[in-house]
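Working through the structure, step by step
Spelled out from the first residue to the last, the chains are:
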Amino acid sequence: MRKIKKNDDVIVIAGKDKGDRGKVLRVLGDRLLVSGVNMVKKHQKPNPVKGLTGGVVAIEMSIHASNVAIYNVMSKKADRVGVKTLEDGRKVRVFKSSGDVIGV
């Protein structure tokens, strides 16, 4: 079971964007695409077929999963994730600090 999934609210704990929060847009193996984090400038050629204008555009690049932590709304801090098995056999993700279930 993955510790961080799509649409999770995460906070960056290391790197140039330390302290920034965002939502996970995509999971790419051990890398994550987080909204508003790790923005880079890219020079783009115009493409009239796709309707793209040329110029310098800002896009989000992926960030390694070890540089982010899931954000706990209750404590307003970064938190670690654990896995717990319920009575009916389902596995759920829980916050390590409080034991609350994530996303249910």
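First, a word on scope: everything that follows refers to the structure included in this document. (Residues numbered from 1 in each chain as written. Predicted model: local features only at pLDDT ≥ 70, side-chain atom pairs only at ≥ 80, totals over all residues. Heavy atoms only, no water.)

1. Let's talk about the sheet that holds strand S8 (residues 77-79)
Threshold: By this definition, two strands are paired if DSSP reports at least two bridges between them. Each helix corresponds to a stretch of at least 4 residues labelled H or I by DSSP, and each strand to a stretch of at least 2 residues labelled E; elements are numbered beginning at the N terminus.
An order of S6-S3-S2-S1-S7-S8 is seen for the six strands of this open sheet, with the pairing classed as antiparallel. Pairing within the sheet leaves two strands with one partner each, and these edge strands are strand S6 (63-64) and S8. Note that strand S1 (residues 9-12) and strand S7 (residues 68-72) share three bridges and pair antiparallel. Each residue of the ladder has a partner; that of valine 12, found in S7, is valine 68.

2. Describing the pairing of S7
Defined as follows: Only protein chains enter the area calculation, which uses a 1.4 Å probe; residues under 20% of their type maximum are buried, those over 50% are exposed, and those in between are partly exposed.
The element S7 is extensively covered by neighbouring structure, given that five of its five residues are classed as buried. Pairing between S7 and S8: three bridges, direction antiparallel. Following the sheet pairing, tyrosine 71 is matched in S8 by alanine 78. If you look at the hairpin formed by S7 and S8, you'll find four residues sitting between the two strands, and lysine 76 has a positive phi there, around 60 degrees.

Don't take any of this as a statement about function, it's just geometry.
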